[in-house]
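Residues per chain are reported as follows:
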Amino acid sequence: MIHLLTPHQHDFFTVNVQKALVHAAQAFADFISKKVVVTDMSLGGNIHTINTSLPENKPIFSLISVLKGDLRGKCYLNLSSQDADVLTSIALPEVYRQNKEMKEGILLELDNILTAAVVSILSNAFKLDTFAYVPKMYIFKSDELNQWLLEDYKEEKLALHFSTGFKIESHDIHPEFIWVLDENIIKFIESAHKTLQKSLS
């Protein structure tokens, strides 16, 4: 997608993605009642294909939400098994941490919160009427996840990759957001950027 935007439009989009990730961190902090600090973030995109950057041959917890409305596609929140265990230990009382259903439930709720926070900021920034359905969780190896991404990409055409780091107490986690989207987002970014330029002139 980077190649479909002018440099100024791409910078405008990147700034809003960064705002969205900070907002997601705050929503996450409110949910777990602990301080969450954003330690790093990056945005990548590709008009050809996109793959997970998480380690090969290890389980990946992938929480997938379908987007509807002005912005259509799928949001993947991918976690390494280590990060999934850390989040479970932070968010659940010890007695429930080995319970498979409780672990899945808390990860799905965290995805709901993080995805909704990102969607909210981007919807406001780009004047989108869009929402995410309740997520589903899958456990993949990297090659399996990449195949899912490829199939979605064939249908929707655009892919975005947000990587971020969250520090929670002594823990560092690195969730990976991959969004596979239709081309509508380009016209909304262009329109919002033009509106901003007019307001500053």
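Just above, that's the structure.
All of the points below concern the structure found in this document. (Residues numbered from 1 in each chain as written. Predicted model: local features only at pLDDT ≥ 70, side-chain atom pairs only at ≥ 80, totals over all residues. Heavy atoms only, no water.)

A few words now on the pattern of salt bridges. This structure, assessed with the given rule, holds five salt bridges. A salt bridge links Glu 169 to Lys 34, with the nearest nitrogen and oxygen atoms 3.4 Å apart. One end of the pair, Glu 169, is in the loop between strand S6 (158-168) and strand S7 (171-173); the other, Lys 34, is in the loop between helix H1 (7-32) and strand S1 (36-46), with 135 residues separating them in the sequence. Owing to a relative accessible area of 51%, Glu 169 belongs among the exposed residues under this scheme. As a salt-bridge pair, Lys 103 and Asp 85 come within 2.5 Å of each other at their nearest N and O atoms. (Salt bridge = Lys/Arg side-chain N within 4 Å of Asp/Glu carboxyl O. Helix = DSSP H or I, 4+ residues; strand = E, 2+ residues; numbered from the N terminus. Buried < 20%, exposed > 50% of the residue type's maximum accessible area, 1.4 Å probe, protein only.)

Let us look at the packing of aromatic side chains. What describes a pair of aromatic rings is the distance from one ring centre to the other and the angle between the planes of the rings. If you walk through the whole model with that rule in mind, you get nine aromatic pairs. Aromatic side chains Phe 28 and Phe 166 sit 5.9 Å apart centroid to centroid with 50° between the ring planes, which places their arrangement in the tilted category. Placement of Phe 28 in helix H1 and of Phe 166 in strand S6 is noted, with a sequence separation of 138 residues between them. The pair formed by Phe 28 and Phe 166 is uniform in burial state, with each residue classed as buried. Ring-pair connections join several aromatic residues into one group, and the members of that group are Phe 12, Phe 13 and Phe 126. (Phe/Tyr/Trp six-rings, centres within 6.5 Å; stacked < 30°, edge-to-face > 60°.)

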